[in-house]
Amino acid sequence: MLQIDENLTMVDKHNGNLALKLFFFDNYHGFDHIQRLNYYSMIWVVDGSGIVRSDFSEYGFQSNSLMAFTPYQPFMISGDQPVKGVVLNFHPDFFCIHHHHESVACNGILFNNIYSSPIVKLNEKAKEQLERLLFQIKEEMIQGDLAQYEVLVSYLKVVLITVSRQKAKESDDNTTAPDTSEPFVLKDLKRSIEDHFRSIHSPSEYAEMLNISPKALGKITKKHFNKTMTDLIAERIMIEAKRELYMTDKQVKLIASELGYQDEYYFSRFFKNNADISPQMYRETVGFARGIA
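Residues numbered from 1 in each chain as written. Predicted model: local features only at pLDDT ≥ 70, side-chain atom pairs only at ≥ 80, totals over all residues. Heavy atoms only, no water.

Caption draft 1: Representation of the packing of aromatic side chains in the model. What the rule picks out here adds up to 15 aromatic pairs. Relative to Y149, the ring of F94 has its centre 5.3 Å away and its plane inclined at 85 degrees; by these criteria the two rings are edge-to-face. Placement of F94 in the loop between strand 8 (84-90) and helix 1 (101-104) and of Y149 in helix 3 (residues 148-176) is noted, with a sequence separation of 55 residues between them. Overall, F94 belongs to the buried group, its relative accessible area being 4%. For Y149, a relative accessible area of 32% gives the class partly exposed. Taken together, the ring pairs in this structure connect Y72, Y261, Y266, F267, F270, F271 and Y282 into an aromatic cluster. Taking NZ or CZ as reference, K21 lies 5.1 Å from the ring centre of F23, over its face. The ring of Y115 is capped by K190, whose NZ or CZ atom sits 5.0 Å from the centre of that ring. (Phe/Tyr/Trp six-rings, centres within 6.5 Å; stacked < 30°, edge-to-face > 60°. Helix = DSSP H or I, 4+ residues; strand = E, 2+ residues; numbered from the N terminus. Buried < 20%, exposed > 50% of the residue type's maximum accessible area, 1.4 Å probe, protein only. Lys NZ or Arg CZ within 6 Å of the ring centre and 35° of its normal.)

Caption draft 2: Examining the sheet that holds strand 2 (residues 18-25) more closely. In spatial order, the strands read 1-2-8-3-6-9; together these six strands make up an open sheet with antiparallel pairing. In this open sheet, the two edge strands, each paired with only one partner strand, are strand 1 (8-11) and strand 9 (119-121). On average, each strand axis in the sheet is tilted by 10 degrees relative to the strand beside it, whichever way the strands run. With four bridges joining them, strand 1 and strand 2 adopt antiparallel strand pairing. Looking at the pairing, M10 lines up with L20 of strand 2. Across the sheet, helix 2 (residues 124-143) is in contact with strand 1, strand 2, strand 3 (40-47), strand 6 (65-69) and strand 8; its angle to strand 2 comes to roughly 120 degrees. (Pairing = 2+ DSSP bridges. Axes fitted to C-alpha atoms, helices over the stretch in contact; angles between N-to-C directions. Contact = heavy atoms within 4.5 Å.)

Caption draft 3: Spatial organisation of the environment of R165. Locating R165 in the fold gives a position in helix 3. Distance from R165 to I109, taken between C-alpha atoms, is 8.7 Å for residues 56 residues apart in sequence.

Caption draft 4: Summary view of the pattern of salt bridges. Here the structure, examined in full by the defined rule, presents 11 salt bridges. Two residues, E240 and R198, come together in a salt bridge whose shortest N-O distance is 3.2 Å. With E240 in helix 7 (residues 229-247) and R198 in the loop between helix 4 (184-196) and helix 5 (203-209), the pair connects residues that are 42 residues apart, well separated along the chain. A single network of salt bridges, built from pairs that share partners, joins E194, R198, R236, E240, R243, E244, K250 and E258. (Salt bridge = Lys/Arg side-chain N within 4 Å of Asp/Glu carboxyl O.)

Rendered as structure tokens:
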């Protein structure tokens, strides 16, 4: 297993903030309370098991599980077994998944997928690839010279592609399994939320749209997604709100209006309830219109 004896941290020379960080952990003490980080976090549990609480849900995991979280996505990890793992953190200003969606395609698969858990179970091939890549990142962070940034971004891209492919394959396998396939109504629900989340925030309106009772729809979403309808709608709105705050310089009032909130202060309360930070503070700590890497 890759061993990292110290925290390797690259700092953004323009603002002094974290750009890229790689470190090893052998206990859950750093994750045993709610985390809300202003950067992306990929946590690979190489040996060990436990429970991760993310957003509104709870999931169990085993060895060779990787968890991926977006900026200010709440999560907490706990367990009472011996553990070994590696964490790779990167700020959106170091690498923006929105700008590189076409080349990396991790947005909506590895990150910002409201319909699946944040956990990716790595097979042996993916495990070996990831270990090699993290070793290369480690060596570059220690010894890097000319064009270090470009080299590290290249390695990070391959990491994201490798894990996203594994997550997509895992999702395809689950979809084709007879006992885990989604009811047809959920396929319609996904399309409906994507088409209407900016204007329709009520679970009962989606149920009416799909010609199913709110109670029945709630049971199905809880069974298949481990989330309520309210959770799904709120998460989808938050993904778009965060994207707009980072990718544009629009005023918060305009973003709120475009997401169906005529009252800017109500939207700000909704955002803070879900991210534990105001929209303006999110923009100040994550950045906006700067992710051009």
